[in-house]
Amino acid sequence: MLSYLAIRDFAIIDRLEVEFERGFSVLTGETGAGKSILVNALHLLLGGRASPDMIRTDAETAEVQAVFELGQKAPQRARLQALDMEAGDELCIRRVITRAGRNRIFVNDKPLTLAGLTGLCFDLLDISGQHEHVGLTDEDNHRGILDAFGALDEQRIQVGEAVRRLQVLKQEQARLLKAEQQRVEREEYLRFALERIDDVSPETGEDGQLSVERMRLRNVEKLASGMAEVLGLVYEKDGAALEQLGVAHKTLDALLAFDPELGSVAEGLAAAMQAVQDAARELESRQAGLEAEPDRLEWVEQRLADLKSLMRVHGPALEDVLTKRQAMAEELDELGGMVERRKDLAEEVASAKREALALARDLSKSRQAAARELAGRILIELKGLAMAEARFAVEVVAGADEDLDETGLDRVRFMLSANPGEQARPLARVASGGELSRVLLAVKAVLAEADPVASYVFDEVDTGVGGAVGDVIGDRLKAVSKDHQVLCITHLGPIAAAAEHLADARSPARLERMLGIC
């Protein structure tokens, strides 16, 4: 429950502190005395939009702070823990507004974002005001009221999840249909590209090997003459390297008798002679194999040109071409499976739609049952609010399958006949301001029994109501206050007379205490 509210430099209030009690409290006073500023401050603390216009003239900042007492099972405790904040018996919320727009939010003295505040406090306090008279005539709100009364949240969540699954599948289906033409074009390109690569059939490292071979084939004459010159120098000519090494080895051999340690040098010369002989034989073999091969050179040139053509498109390296070929082959297989995916997806969409519709129809049945009970309960409340001849109905009309959305199939609207002999019609068309006030109170009274919100604020909910009806409204508000803290802003004396705690906006001292009993 709300236990404390402090306001500084907010609207026309320079400084105010209010302590609230359990039960039924009333704030009264003349129009313009500032009663609704308290409600605006509470809206702000629940996540309402802040504006520099809210700051009192001649002040640079405004501050609003409230303390709420939390029960042991209050859902805010778990949310505070999730935010890594202390979750004790009290919840302190403070908002600071500056003219420069640097607004700040503190929860239990720790900073918090606006989204975090809204998520923490959305069910902390229920504020009903004159704007809700308009909201009550908006049929978009009727379904939410019915679901809240019937405790149908779980069913509605299941329908919403099923519809969202269906929507995801339909989006994928639409994407596949849109991609169908692109698929055909892509498949044609992939087949062409793969055919081109497979016609060449490249192998890893092939381009390097062919480049070496091409260089050799282009320079056969140079290689032949060069090899012949080398063979002459090391092996064939008089005085060749091999001959000179032989003379040196023979001379050194004769010296071993005088110095045996020269044996290692002699062995080295012998090894050099063997190496020269091996090199000469290798050169002779290569020289014998050398011949001009114009046909082979032409083939190598063409092969390298084909490989370079592939590398320009899919490269830059030949290894990239081979990697790309694998990727394109896999993509072509996937595209080939798209047709099958479309068939499978059509079956999945049909199955998901059947599931969603089945859940929605079950929800419709639950709403029909809850609608009858809600209408009866509200009618009882209305009769107790001096509308003895009223007839009230909650109309639930299921739409076509095509109307399915995350809320189900149903259109829900409240129907009222305030006078005998009149046909029940939508609230917006038949209810006066006073009748809307009583219908709103009746709805709140019925929902209060299952409502986890601890505190209700009624901001001039008595619009259009006279003194006699004020008595019954006051009594009903007092009855609601047995299970919930109720704060009511009113002009009506009979409603104020029913309160346990009364304050006049013209009397700051009394307002700050909120302890006076009417």
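Structure report, in brief. Source: prediction; values computed, not measured.

1. As for the sheet that holds strand S6 (residues 104–107)
Spatial strand order, S2-S1-S4-S5-S6-S7: six strands in an open sheet with antiparallel pairing. In this open sheet, the two edge strands, each paired with only one partner strand, are strand S2 (13–19) and strand S7 (110–111). Here strand S4 (residues 61–69) pairs with strand S5 (residues 90–98) via nine bridges, running antiparallel. Residue pairing across strands places Phe68 opposite Leu91, the latter belonging to S5.

2. Description of the pairing of strand S1 (residues 2–10)
By the criterion of burial, S1 is predominantly enclosed, with seven of the nine residues buried. Pairing of S1 with S4 involves six bridges; the strand directions are antiparallel. Looking at the pairing, Leu5 lines up with Ala66 of S4. As paired strands, S1 and S2 are joined by six bridges and run antiparallel to one another. Across the sheet, residue Leu5 finds its bridge partner in S2, namely Val18. Between S1 and S2, which pair antiparallel one after the other, the connecting turn spans two residues, and Ala11 there sits at a positive phi close to 60°.

3. Notes on the pattern of salt bridges
Applying the stated rule across the entire model yields 28 salt bridges. A salt bridge links Arg56 to Asp9, with the shortest nitrogen-to-oxygen separation between them at 3.0 Å. You can see Arg56 sitting in the loop between helix H1 (35–45) and S4 and its partner Asp9 sitting in strand S1, a full 47 residues away along the chain. Arg56 sits in the partly exposed class, given a relative accessible area of 27%. Under the relative-accessibility criterion, Asp9 is labelled buried at 12%. With its nearest N and O atoms 2.8 Å apart, the salt bridge here joins Glu406 to Arg164. In this pair, Glu406 is assigned in the loop between strand S9 (391–398) and strand S10 (410–417) and Arg164 in helix H6 (residues 153–200), connecting sequence segments 242 residues apart. In this structure, a network of salt bridges that share partners links the residues Arg8, Asp9, Arg56, Glu63 and Arg94.

4. Details of the sheet that holds S9
Pairing within the open sheet is antiparallel, and its three strands lie in the order S9-S10-S11. Of all the strands in the sheet, just S9 and strand S11 (425–426) have a single pairing partner and so form its edges. Direction of pairing for S9 relative to S10: antiparallel, over a ladder of eight bridges. Each residue of the ladder has a partner; that of Val396, found in S10, is Val412. Lying on the sheet, helix H13 (residues 338–384) is in contact with S9 and S10; it crosses S9 at an angle near 170°.

5. Concerning the environment of Ala370
Along the chain, Ala370 falls in helix H13. Between the C-alpha atoms of Ala370 and Pro75, which are 295 residues apart in sequence, the distance is 26 Å.

6. Let's talk about unusual backbone geometry
Cis geometry is found at the peptide bond from Gly315 to Pro316, where omega equals 25°. The phi torsion at Asp84 lies on the positive side, around 60°, for a residue other than glycine. By the secondary structure assignment, Asp84 is in the loop between helix H2 (75–82) and S5. When its relative accessible area of 61% is taken as the criterion, Asp84 is described as exposed. Positive phi outside glycine occurs at Ala151, with the angle close to 55°. Its location among the elements puts Ala151 in the loop between helix H5 (139–149) and H6.

Cut-offs used in this document
- Residues numbered from 1 in each chain as written.
- Predicted model: local features only at pLDDT ≥ 70, side-chain atom pairs only at ≥ 80, totals over all residues.
- Heavy atoms only, no water.
- Pairing = 2+ DSSP bridges.
- Helix = DSSP H or I, 4+ residues; strand = E, 2+ residues; numbered from the N terminus.
- Buried < 20%, exposed > 50% of the residue type's maximum accessible area, 1.4 Å probe, protein only.
- Salt bridge = Lys/Arg side-chain N within 4 Å of Asp/Glu carboxyl O.
- Contact = heavy atoms within 4.5 Å.
- Axes fitted to C-alpha atoms, helices over the stretch in contact; angles between N-to-C directions.

Everything listed here is a matter of coordinates, which is why it stays silent on function.
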